[in-house]
Amino acid sequence: MEQLKTALFDFDGVIADTEPIYDAYWDEAATRYGVGIERFSQLIKGTTMRYILDKYFADRTEAFKRMVAEESDAFERTMPFPPLPGALEFLRALRERGTRTGLVTSSEEEKVRRILTVMPLEGMFDTVVHAGRVKRGKPAPDCYLLAASDLGVRPADCLVFEDSLNGIQAGNAAGMRVIGVASTNPPEALRDKVFDVIPDFRGKTFDDFLRWQA
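This write-up is about the structure you can find in this document.

Calculation notes
Residues numbered from 1 in each chain as written. Predicted model: local features only at pLDDT ≥ 70, side-chain atom pairs only at ≥ 80, totals over all residues. Heavy atoms only, no water. Helix = DSSP H or I, 4+ residues; strand = E, 2+ residues; numbered from the N terminus. Contact = heavy atoms within 4.5 Å. Salt bridge = Lys/Arg side-chain N within 4 Å of Asp/Glu carboxyl O. Buried < 20%, exposed > 50% of the residue type's maximum accessible area, 1.4 Å probe, protein only. Pairing = 2+ DSSP bridges. Axes fitted to C-alpha atoms, helices over the stretch in contact; angles between N-to-C directions. Right-handed = clockwise from strand over helix to strand, strands pointing away. Phe/Tyr/Trp six-rings, centres within 6.5 Å; stacked < 30°, edge-to-face > 60°. Lys NZ or Arg CZ within 6 Å of the ring centre and 35° of its normal. 1 Å grid on protein atoms, 1.4 Å probe; cavity = no way out; pocket = protein on both sides within 12 Å on 5 of 7 lines; lining within 4 Å. Points joined across faces, edges and corners; volume = space filled by probe spheres on them. Nonpolar A, V, L, I, M, F, W, Y, C, P; charged D, E, K, R; others polar.

Of note, Ser-164 is situated in the loop between β4 (158-162) and α8 (165-173). Ser-164 has contacts with Lys-45, Gly-46 and Asn-185, leaving out every residue within four places of it along the chain.

As structure tokens, then:
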């Protein structure tokens, strides 16, 4: 059989159904911080804290930026990680068939350590790329290119699972095939940007993974 593509997964909105939790947190925080942007959470999906601070809090003091980051960190230390339906089962099915996998997230390292322990996902990924490993976060392709480099595979030999527009842009810019997960955005917002769209991973099998490689 032809060599299997490497499967690279975003976390929020792909493996865990955390986007509604983040939406509530960031929309409330944006009001409290006086950002002045409605539905602020939609603009920052898939981006790193560094990006958020540089783009939306550039005119604030360093002390204020630290407060924003520290409050976000405190929230993430206790937030739940409900699995996206079928995600863990799909990931296990790929691993059982010898597929190499990677976690590619805009989250900070501390959150990633908690993710791997709480869900649990220890040993389920051959590489983990978090915000601290790249200078430019999504929508730049750096994180996905780094994951491919970690595993010694060509970007064209990677299949990306992403939900956010920033993440999809990053996967496409890296030269990878992207499967859009419509957990965050409606399917019609993704269809012209990805190879295929799924609502979640319920009923998805290794055969679907093979079909996406054809």
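Attention shifts here to the pattern of salt bridges. Counted under the stated rule, the structure contains 19 salt bridges. A salt bridge links Glu-162 to Lys-138; the shortest N-O distance between them is 2.7 Å. In this pair, Glu-162 sits in strand β4 while Lys-138 sits in the loop between β3 (127-129) and α7 (142-151), placing the two residues 24 residues apart along the sequence. This pair shows no difference in class: Glu-162 is buried, exactly as Lys-138 is. The closest approach of N and O atoms between Arg-154 and Asp-157, which form a salt bridge, is 3.0 Å. Take Arg-154: its relative accessible area is 54%, and that puts it in the exposed class. Residues joined by salt bridges that share partners form a network here, namely Asp-10, Lys-138 and Glu-162.

Another aspect to go through is the sheet that holds strand β2 (residues 101-104). A sheet is described by the order of its strands in space; here six strands give the open sequence β3-β2-β1-β4-β5-β6, paired in parallel fashion. With partners counted over all chains shown, the strands left at the sheet margins are β3 and β6 (196-198), one partner each. Neighbour-to-neighbour, the strand axes of this sheet turn through a mean angle of 20°, independent of strand direction. By the bridge criterion, four bridges tie strand β1 (residues 6-9) to β4 in an arrangement that is parallel. Of the residues in β4, the one forming a bridge with Ala-7 is Leu-159. Its contacts with the sheet put helix α10 (residues 206-213) on β1, β4, β5 (177-181) and β6, and the angle it makes with β4 is roughly 115°.

With that settled, the discussion passes to the pairing of β4. Of all five residues in β4, five are buried; the element is thus mostly enclosed. Residue alternation in β4 divides its side chains into two sets, Cys-158, Val-160 and Glu-162 and Leu-159 and Phe-161, and both sets are buried. Across four bridges, the pairing between β4 and β5 is parallel. Along β5, the bridge assignment pairs Leu-159 with Arg-177. Where the polypeptide runs from β4 across α8 and back to β5, its parallel neighbour, the crossover connection is right-handed.

Let us look at the packing of aromatic side chains. Applying the stated criterion across every chain yields a total of 18 aromatic pairs. For the pair Tyr-25 and Phe-75, a centre-to-centre distance of 4.3 Å together with 15° between the ring planes defines the contact as stacked. Placement of the pair is Tyr-25 in helix α1 (residues 19-33) and Phe-75 in helix α4 (residues 62-76), with a sequence separation of 50 residues. Here Tyr-25 falls in the buried class, since its relative accessible area comes to 11%. Ring geometry for Phe-206 and Phe-209: centres 6.0 Å apart, planes at 40°, overall tilted. Here Phe-206 and its partner Phe-209 are both found in helix α10, three residues apart, which amounts to about one turn of the helix. Classification of Phe-206 as buried rests on a relative accessible area of 7%. Aromatic ring contacts, followed pair by pair, group Tyr-22, Tyr-25, Trp-26, Phe-40, Tyr-56 and Phe-75 into a single cluster. Taking NZ or CZ as reference, Lys-55 lies 5.8 Å from the ring centre of Tyr-56, over its face.

Following the criterion strictly, the structure yields one cavity of 30 Å³ or more and no others. Its volume calculated, the largest cavity comes out at about 350 Å³. Among the secondary structure elements, those contributing two or more residues to the lining of the largest cavity are α1, α3 (49-56) and α4. Counting residues per element, the lining of the largest cavity draws most heavily on α1, which supplies four residues. Partitioned by chemical class, the residues of the lining of the largest cavity number five nonpolar, nine polar and 11 charged.

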